[in-house]
Structure formats: structure tokens, C-alpha cells
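# Descriptive structure summary
Listed below, chain by chain, are the residues.
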Amino acid sequence: MLVDVHAHFYHDRGPRIDWRERNAARLAAGERIGITWHVSSILGSWGRTSPTYFPSPEDLTYGNERQRALQRSHPDRIRCYVTVNPNFTAHALAEIARGAADGSVGLKLAASRRADDPLLDPVIEAAQARGLPILHHIWQHRRREWPGQEASDAVELCRLAARHPGAHFILAHIGGGGDWLHSLRVLRGHPNVQVDLSGSGVDGGMLEACVDAVGAERLLWGADATLCTGWAKLRYLERLLSQADLELVRWRNAARVFPPGSFA
Amino acid sequence: MIDVNVFVGAYPWRRLPGTSPEAVLAALERVGVLEGWVTHLPSLFWKDPAEGNRWLYQTCERFPPFLPVPVVHPGLPRWEHDLTEAVGRGVPAVRCDPGFLGLAPAGPEVTRLIQAAGDAGVPIQAAVRLEDIRGRHPLDVAPELTPAAVRSWVRSHPRTRFIITHAEREFIEQVHFGATPEEADRIWWDISWIWGPPEDHLAALLATMGGGRFLFGSGQPLRLAETPLARLDLLDLAPEDLRAILTDNATTLASRKSTAS
């Protein structure tokens, strides 16, 4: 089994005219790579009617509905995160309840509010109560504000994780930009934070550093926007890790973190 | 298979495993590459890259799958000697990354090298970047190569050929379609930084530009050697198109002298 814990799909109300082709391309590439499950999210309207990282409640509801529709149309390949904006607490809690009831297996938080902000606490509690892990968008070592998002880094995510020791957090795309060495230093002391290996970055030494920092037991395979780099990292891991550890990264860790039966 | 984008030697900004010639050769063999065009990585950061080039030539003699791509610094005295030596050794290309050498990309020093390399019939190789700008060391402030610089380069001499590595789709398109067909025909691009599915940037570029402009390149050990092959394995290329990217384009480039030389 191979679980991609960080996938995205598109829909008809986003800015992309090629949304069908992109969705089909992900699924086709996934078949070639051998991906069993695409655990995926849609970030509102992807910027068309509200910003990608600050999605409006209306866009989130529609995106989550389309995401769940994709799961229904590909019940043997697609699983869902429910995506929320913590600035709209009541809406976020309602979306989490609706999503979990309709088969979503995780919570996706983008960059609408800093990860250590107290406003995230009720959202995390709602996810934890339903056994949903939280995939949180991260800028590895954010040294300044970046346009278009209120990005968080590992320090801020780990503050949140420390306040919720019973919840599973997934630090998004360690290869997705920024200084991953900084993130790995932070993560060592926070066992409830897993590392998602996705991102376009394929820096030499990054995978060894991940294993050294948190062990294979806390690594989750993923691709995000570039399945080619995900496959390259998987091929490298096949030589770096023992077969047992490779199985952890491919799917066993995911099966532990996500609700029971998510990948049945 | 020929990987045109390989480094040996230490990287100054972080610990980087697998930089010895033995380790780099093992990585090449791991992914089935039979020939690597290799630059001495520290030379990009040394005041006088020629000091590293001597070691590079010796290393390539010890490791026959390696072909040397020496750095030529056209801002130094007697740089012409370094170029002449490289040409005499039959290198597949010489390397000049103006950002790392502290040179203006379209300044007089680089322009002189472009003209001399064109006259000598040896391609110039340059990287857009070595690492994602978002993750670089705070003191690693060398500017990235720009499409405008490459467009100016290809117009600086009618015969000079270029190998540009670590470029993404948008960069490549801004140069390729901002050049005449004759100019564009003198630029080759490695695939180390071009995204595959679901965005399918590589497939789109192959459809619009054809396979003749692309080379197999990884940027290892700074980047995983597995990446370009994974990228190609996600495409449905005809065997001849795949062979062109893996081998034939580089072979042709290395063996082809400037048309006027």
C-alpha cells in the first residue's frame, strides 16, 4: 500500500480551465507510481472568489463538498481532508462535523491564521474528538511575512501541538520550501507531530536528516503539487530504509495516524 | 544515459552527504547513468576556480564516467588560459555562473567569455539556481540567473551554445519564445527543475518546443539523482524521444563544434 497524505484536486469554480485534466493527471500518475490512496483537500476556490490561503466560508463549503464528491466517485482511491478557516469558528466547527460525518478522514489547515493562535484551539479539539489528524500548511523557517498567506513554521505548529498532546499533527511538505533543517530541529521534542515528505524540493541529504531527526516512525510519504519529486523521494527511500521502515513511511504510519478503517 | 548536471565536492552552506567522487559515481550507477558531466562544486565559491579545476581534471581521469565541466571566471587575469586549457582537454562544456562569481550576468566579462567560447566551439553551462531560494542560507545571496540574461547571452554571439540547468517551465518559455528559432536552437535545458504531473510542465514543454532542446540532468548530489528519471518515467514518450533526452541530445551537443569553427 502507498498513501499520499498530501494531495489536492480542483473543481469547476476555481480559476483553472484545465481542472479536469489536472485531476485526471494526478490519478493517472498515481496509478503508475502505485499510489493506493490520495488523501486530498481543496482549498476553497483556489483564489478565484477568495484567496487560496484565506478562503471564505462559502468557498470552503463548496470545495469540501466537491472533495467529498471526488471521494464518492473514486471510493477506492481518494480520501478527504475537510478544510476550514479558523477565523470563522462556527463555520469551521460545522464543516468539521459535516465532513467527519460524510467520510472525511483528516483536517486541513492552510495559512489563514498563525498556528499557535488560540483561535485554533476549538478547531483542533473538534478534530481530535473525531479522531482526525491535522495537516497544517507550513513555511519551513519563516523568517519574514510572505505575501498571500499567514504562514506558520514548525515552532508555531509545535506550540499548538504541545497544547493538544492527544492530537496527531502533520507538518506539511518538508520539501515544500524554506529551511527544512530548522523544522527538523524543532520537531525532535514533539512526538505528536509527523513529517509529511511532500513538496517539490528534493535536496540531497534532506531525507537522511528527516530520518535522523524523528525516525521512520514519524515520516509520512506524500507528493503535494509534484508527483515526480514524490516518486523520486520514494525511490531513494527504498535504498535508504529497511523494508520494515519503508513500509512505515509508505502507509503504516498513515494507518496509525488517520482514523481506523480510513484505508480499507 | 548522460547526466549533464553533476557536482563533486563539498557545499559551503550545509552538510551534504555523497559529495566524494566515489559516492557520486555510485549515485550515477544507482540510477543507470553511464556518463556524468561534472563540476567541482567548491569552485563556484572559490576566489580562483582554476584551483579546483586542476583537481577536477585529475578526478575525471581517475573516474572515466566523469567528463569535466570546469568553471571559467572571466573576471580573473588570464581567464583565456583556463578556457584554452578546457578546450584542449575536450570538455563537453565550460561553466560560468555569474551570480556565484560576483559578475554582472550581461556585463563585459561574461560577454567576453561568451564570444570566446563561441569562437572556440565550446558550450557554456550555467545554473539558474542551485537551491530553492526560500531555503537558502541567510548569507547565500547570490542572485538567480534571469531569463533576460539568457536572452542577452544568446544574442551576444551568433554561434555560442548554452546549457542552462535548474530552470523551471516559465523561465524556459520566456527564453525560448523570446528568441529567434536560430537563437533558441543554441540553448539546451536540463530537466532537473521542470515539474511533472499533475501540473505536467515537462510534458507541455516537450509538446511546444520538441524534445531536441532537453537534456537529462539531476543536479546531484545537491538534489536526488532519482528525480529526472522519475519525471521521464511518468511520461509516455516514444523510444526515440526518450533516447534523445537521455543520451542523444547530449552526445550531439558534446560532439558538435560551433558551425563556423
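### Here's the deal with unusual backbone geometry
Glycine aside, negative phi is the norm for most residues, and most peptide bonds take the trans geometry. Residues and elements named next belong to chain B. The omega angle of the peptide bond from P197 to P198 is 5°, so this bond is cis rather than trans. Mapped onto the secondary structure, P198 falls in the loop between β7 (187-190) and α9 (201-209). At the junction of Q220 and P221, the peptide bond is cis and its omega measures out at 0° in the coordinates. Even without glycine at this site, R78 takes up a positive phi of about 60°. In this fold, R78 is placed in the loop between β3 (66-68) and α3 (79-88). Although it is not a glycine, H166 sits at a positive phi angle of roughly 60°.

### Notes on the interface of chain B and chain A
Every contact between the two is made by 25 residues of chain B and, on the other side, 28 residues of chain A. Residues of the side of chain B that touches chain A, tallied by class, amount to ten nonpolar, five polar and ten charged.

### Comments concerning the confidence of the model for chain B
Residues of chain B with pLDDT of at least 70 account for 98%, and the chain-wide mean is 96. Here the predicted complex scores 0.97 on pTM and 0.96 on ipTM.

### So, the sheet that holds strand β6 (residues 162-165) of chain B
Residue and element names in this part refer to chain B. If you walk across this open sheet you meet the five strands as β4-β5-β6-β7-β8, and the pairing is parallel. On the outer flanks of this sheet lie β4 (94-95) and β8 (214-215), each paired with one strand and no other. Of the strand pairs in this sheet, strand β5 (residues 124-127) and β6 are connected by four bridges, and their pairing is parallel. Pairing of A127 across the sheet is with T165, part of β6.

### Considering the packing of helix α2 (residues 57-73) of chain A against helix α3 (residues 89-101) of chain A
Residue and element names in this part refer to chain A. Viewed as axis vectors pointing N to C, α2 and α3 meet at an angle of 5°, and their least axial separation amounts to 11 Å. In terms of their interaxial angle, α2 and α3 are classed as roughly parallel. Of α3, the residues touching α2 (which contributes P57, L60, T61 and N64) are H91, E95 and G99. The class makeup of the residues in the contact of α2 with α3 is two nonpolar, four polar and one charged.

### Brief notes about the nonpolar core
With 159 residues, the main nonpolar core has L157(A), L171(A), V38(B) and V94(B) as its most contacted residues. The greatest single-element share of this core, amounting to seven residues, is contributed by helix α8 (residues 227-240) of chain A. If sequence neighbours within four positions are ignored, L157(A) has contacts with A115(A), H136(A), I138(A), S152(A), F169(A), L171(A) and V193(A).

### Description of the sheet that holds strand β7 (residues 193-196) of chain A
Residues and elements named next belong to chain A. The parallel open sheet is built from eight strands, whose spatial order is β1-β2-β3-β4-β5-β6-β7-β8. Either end of the sheet is taken by a strand with one partner, and the two such strands are β1 (3-8) and β8 (219-220). In terms of strand pairing, strand β6 (residues 169-171) meets β7 through three bridges, oriented parallel. Residue pairing in the sheet places L171 in a bridge with V195 of β7. Across the sheet, α3 is in contact with β3 (78-84) and β4 (106-109); its angle to β3 comes to roughly 165°.

Reading guide: rules and limits
- Residues numbered from 1 in each chain as written.
- Chains lettered and ligands numbered in written order.
- Predicted model: local features only at pLDDT ≥ 70, side-chain atom pairs only at ≥ 80, totals over all residues.
- Helix = DSSP H or I, 4+ residues; strand = E, 2+ residues; numbered from the N terminus.
- Contact = placed C-beta atoms within 7 Å.
- Nonpolar A, V, L, I, M, F, W, Y, C, P; charged D, E, K, R; others polar.
- pLDDT = per-residue confidence, 0-100.
- Pairing = 2+ DSSP bridges.
- Axes fitted to C-alpha atoms, helices over the stretch in contact; angles between N-to-C directions.
- Parallel < 35°, antiparallel > 145°, perpendicular 65-115°, else oblique.
- Core = buried A, V, L, I, M, F, W, Y, C linked by C-beta atoms within 7 Å.
- Buried ≥ 20, exposed ≤ 12 C-beta atoms within 10 Å, placed from the backbone.

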